[in-house]
Amino acid sequence: MTTAVIGTGFVGGTLGRAFARAGIPTVFGSRHPEDGSVAGSSGAEVVSVGAAVQSAGTLVLTQPAAAVEDFLRRYGDALAGRLVVDATNDVGRPVAHKAREVAKYAPGARYARAFNTLGGENFADPRFDGIAADLFFSAPVDDRAAVEELIAAVGLRPMYVGEGQEDVVDGVLRLWFALAVGQGHGRELAFRTLSRP
Ligand SMILES: NC(=O)c1ccc[n+]([C@@H]2O[C@H](COP(=O)([O-])OP(=O)(O)OC[C@H]3O[C@@H](n4cnc5c(N)ncnc54)[C@H](OP(=O)(O)O)[C@@H]3O)[C@@H](O)[C@H]2O)c1
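A quick note: this is a predicted structure, and the numbers were derived from the prediction, not measured.

## Side note on the overall build of the chain
- Tallying secondary structure elements over the chain gives 7 helices and 10 strands in all.
- Projected onto the principal axes, the alpha-carbon positions of the chain cover approximately 45 × 35 × 35 Å.
- Counting across all 197 residues of the chain, residues that qualify as buried make up 50%.
- Nonlocal contacts in the chain, meaning residues at least 24 apart in sequence, comprise 60% of its contacts between residues at least 6 apart.
- Total accessible area computed for the chain in this model is approximately 9,400 Å², and 51% of it derives from carbon and sulfur atoms.
- Of note, the chain has its 19 positive side-chain charges centred 2 Å away from the centre of its 22 negative side-chain charges.

## Concerning the UniProt feature "domain: Pyrroline-5-carboxylate reductase catalytic N-terminal" (unreviewed entry) in the chain
- The sites that UniProt annotates as "domain: Pyrroline-5-carboxylate reductase catalytic N-terminal" (unreviewed entry) are residues 4-89.
- Within residues 4-89, the helical portion is 31% and the strand portion 23%, while the C-alpha atoms at the span's ends are 18 Å from each other.

## Digging into the environment of lysine 98
- The residue lysine 98 is located in the loop between β5 (83-86) and α4 (99-105) in this model.
- Spatially, the C-alpha atoms of lysine 98 and threonine 58 are 16 Å apart, while their sequence positions differ by 40 residues.
- Excluding anything up to four places from it in sequence, lysine 98 contacts Ala65, Val68, Asp86, Thr88, Asp90 and Tyr111.
- A distance of 2.8 Å separates polar atoms of two side chains, one belonging to lysine 98 and the other to aspartate 90.

## Some points on the packing of aromatic side chains
- By the definition in use, this model includes 5 aromatic pairs.
- Joined through ring pairs, the aromatic side chains of Phe19, Phe115 and Phe123 make up one cluster.

## Some remarks on helix α3 (residues 68-75)
- Considered for burial, the residues of α3 that qualify are Val68, Phe71, Leu72 and Tyr75. Taken down its axis, α3 places every buried residue within 95° of arc, on the same side. Facing away from the buried side of α3 by over 90 degrees, the exposed positions are Asp70, Arg73 and Arg74.
- Contacts made by the buried residues of α3 are with β1 (3-6), α2 (49-55), β4 (58-61) and α4.

## Thoughts on the site of the ligand
- Close to the ligand lie 22 residues; Thr8, Ser30, Gln63, Gly120 and Arg187 are nearest.
- A distance of 2.8 Å separates an oxygen atom of the ligand from a polar atom in the backbone of valine 11.
- In isolation the ligand exposes 890 Å². Once the protein is present, 72% of that is buried.
- Looking at side-chain class alone, the shell around the ligand contains 8 nonpolar, 12 polar and 2 charged residues.

## Brief notes about the environment of asparagine 116
- Residue placement: asparagine 116 occurs in the loop between β6 (110-113) and α5 (121-124).
- Here the alpha-carbon distance between asparagine 116 and valine 85, two residues 31 residues apart in the chain, equals 10.0 Å.
- Not counting the four nearest positions on each side in its chain, asparagine 116 is found in contact with Ala87, Asn89, Phe123, Val169, Asp170 and Leu173.
- At 2.9 Å, the side chain of asparagine 116 forms a polar contact with the side chain of aspartate 170.

## Re the pairing of β5
- Neither face of β5 is open: one carries Leu83 and Val85, the other Val84 and Asp86, and all of them are buried.
- Looking at chain direction, β4 and β5 are connected through 4 bridges and run parallel. In the strand pairing of β5, threonine 58 is matched with leucine 83.
- Since β4 and β5 lie parallel, the crossover through α3 that links them has a hand, and here it is right-handed.
- Bridge count between β5 and β6: 4 bridges; the pairing is parallel. Pairing of aspartate 86 across the sheet is with arginine 113, part of β6.

The rules behind these values
- Residue numbers here run from 1 along each chain, matching the order of that chain's written sequence.
- Per-residue local features are limited, in this predicted model, to residues with pLDDT of at least 70; the limit for side-chain atom pairs, both in listing and counting, is 80 or more; totals at the level of whole chains, interfaces and linings are taken over all residues.
- Excluded from the side-chain calculations are hydrogens and water; all other atoms, namely the structure's heavy atoms, are used.
- Secondary structure elements are defined from DSSP: runs of H or I of at least 4 residues count as helices, runs of E of at least 2 residues count as strands, and each element is numbered from the N terminus.
- Type-normalised accessible area, obtained with a 1.4 Å probe on protein chains alone, sets the label of each residue: buried when under 20%, exposed when over 50%, and partly exposed for intermediate values.
- The criterion used for residue contact is that any of the two residues' heavy atoms lie within 4.5 Å.
- All accessible areas in this document rest on Shrake-Rupley with a 1.4 Å probe, and a residue is counted as covered only by the protein chains that are shown.
- His is not counted here, nor are the chain ends, while Lys and Arg score as positive and Asp and Glu score as negative.
- One atom stands in for each charge, and that atom is NZ of Lys, CZ of Arg, CG of Asp or CD of Glu.
- UniProt positions are given in the numbering used here, feature names are shortened, and annotations may be inferred rather than shown by experiment.
- Between N or O atoms, a polar contact is any pair within 3.5 Å; within protein, one atom must be a potential hydrogen donor and the other a potential acceptor, and residues adjacent in sequence are included only when both atoms are from side chains.
- Only the six-membered ring of Trp is used, alongside the rings of Phe and Tyr, when aromatic pairs are assigned; centres must lie within 6.5 Å, and planes under 30 degrees apart are stacked while those over 60 apart are edge-to-face, with the rest tilted.
- This arc is built from the directions going out from the helix axis to the C-beta atoms.
- A molecule or strand has a residue near it when one of that residue's heavy atoms lies within 4 Å.
- Polar here means any residue other than Ala, Val, Leu, Ile, Met, Phe, Trp, Tyr, Cys and Pro, which are nonpolar, and Asp, Glu, Lys and Arg, which are charged; Gly is therefore polar.
- By the convention used here, strands pair only if DSSP detects at least 2 bridges between them.
- With its strands directed away from the observer, a crossover is right-handed exactly when the path from the first strand over the helix to the second travels clockwise.

What follows is the structure, encoded as structure tokens:
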């Protein structure tokens, strides 16, 4: 099944190239599909946003948060039956995710929250002293494996938080900002969960 990455900027480009290089059929949905440069040598295709929505079972949203509602108004009906993975952050707002907007404009879509809790540098280079960082995510139980495949394709270790747990995931986002920016540790900062069997 094809995965569409909507947006070809820093995060979208990094994720889409990693998915394609890992062998996941990937398209980029872009406002300027004539420029295929974001794909590099990954093998991903760059198409219009509408074509990407139509072709994919899973869509990873990587637009600016301010552009998400317009996207959902336009493509909400077409998203029925598809999985929307929300990587967007409405930074500075009380709620950073778009779960409510997806439910409102695309009631037939399924919603997951992932790829939003770390600076994009860590999607490009996810290992620290040879150890993969964790990526915390929320998704419907039946979509867990599909999101884990995307996370593993980037080289991160998937850490499932549960279904409908986007607010918990966004707690990790706030922790990342508090440490990376607030406490000056820098953007090359990530998390790894320790547990005993
Ligand atoms: N930067 C990070 O470290 C980071 C980490 C995690 C999550 N995020 C979140 O991920 C999202 C993308 O961040 P980014 O740093 O990748 O941003 P970016 O480099 O500016 O890329 C955003 C992309 O969204 C597309 N887009 C669609 N509508 C747009 C519009 N109205 N204005 C501008 N671009 C539009 C553009 O691709 P086309 O021109 O191809 O359409 C653009 O390249 C944001 O919501 C951000 O909060 C960022």
